Amino acid sequence: KQWYQRRVRGPRCCDTVIMNPPFGTKNNEGIDMVFLDRALEMSRGAVYSFHKTSTREFIQRRMKSHGYHVTVLAEMKFAIPQMYKIHRQREVMVAVDFIRVSADPP
């Protein structure tokens, strides 16, 4: 198998999408769902993605209502460094799920 990293366009243009979308907090709430929707349009197979654990139930309900299956493959902690002026702490640990989303059951 070969890995490609490139700009892709069009529906069902790749077999699998693996991504780490923005978490969608503060000023960009819901942006993670925009990324997930686009990845599902692009993929002929499954989408693998990182999302905040606190959004798990929302994602599962939303994906189920669109006919997709969600499997939580791993639960982990991400260290988010202080990158912006609004960040008050040097680093924050965030609970994150690594999920698989597909039209086919796992």
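Given the structure is predicted, the values throughout are model-derived calculations rather than measurements.

Visitor: Explain a nonpolar patch on the surface to me, and be specific about the residues and the numbers.
Guide: Side chains of Met83, Tyr84 and Ile86 sit close together on the surface and give an oily, nonpolar patch of about 360 Å² of accessible area. Relative to the helices and strands, Met83 is located in the loop between β3 (69–81) and β4 (91–102). For Met83, a relative accessible area of 52% corresponds to the exposed category.

Visitor: Go over the pattern of salt bridges with me, naming the residues and quoting the values.
Guide: Scanning the entire structure with this criterion turns up five salt bridges. Put simply, Asp97 and Arg56 hold a salt bridge, and the shortest N to O gap is 2.6 Å. Of this pair, Asp97 sits in strand β4 while Arg56 sits in helix α2 (residues 56–65), and the two are 41 residues apart along the sequence. The exposure class assigned to Asp97 is buried, which follows from its relative accessible area of 1%.

Visitor: Help me get a handle on the pairing of strand β2 (residues 47–52), residues and values and all.
Guide: In this structure, strand β1 (residues 17–19) lies alongside β2, joined through three bridges in parallel fashion. Residue pairing in the sheet places Ile18 in a bridge with Tyr48 of β2. When β2 meets β4, the two strands line up antiparallel, connected through six bridges. The residue bridging His51 from the neighbouring strand is Asp97, located in β4.

Visitor: Describe the sheet that holds β1, listing the residues and the values that go with them.
Guide: An order of β1-β2-β4-β3 is seen for the four strands of this open sheet, with the pairing classed as mixed. Of all strands in the sheet, those with a lone pairing partner are β1 and β3, marking the two edges. For this sheet, the mean inter-axis angle between neighbouring strands, taken without regard to orientation, is 25°. Where helix α1 (residues 31–42) meets the sheet, its contacts fall on β1, β2 and β4, and the angle it forms with β2 comes to roughly 175°. Running at roughly 145° to β3, α2 makes contact with β2, β3 and β4 of the sheet.

Parameters and conventions
Residues numbered from 1 in each chain as written. Predicted model: local features only at pLDDT ≥ 70, side-chain atom pairs only at ≥ 80, totals over all residues. Heavy atoms only, no water. Patch = residues over 30% accessible without salt bridge, like charges linked within 9 Å, V, L, I, M, F, W, Y side chains within 5 Å. Areas by Shrake-Rupley, 256 points an atom, 1.4 Å probe, with all protein chains shown as cover. Salt bridge = Lys/Arg side-chain N within 4 Å of Asp/Glu carboxyl O. Helix = DSSP H or I, 4+ residues; strand = E, 2+ residues; numbered from the N terminus. Buried < 20%, exposed > 50% of the residue type's maximum accessible area, 1.4 Å probe, protein only. Pairing = 2+ DSSP bridges. Axes fitted to C-alpha atoms, helices over the stretch in contact; angles between N-to-C directions. Contact = heavy atoms within 4.5 Å.

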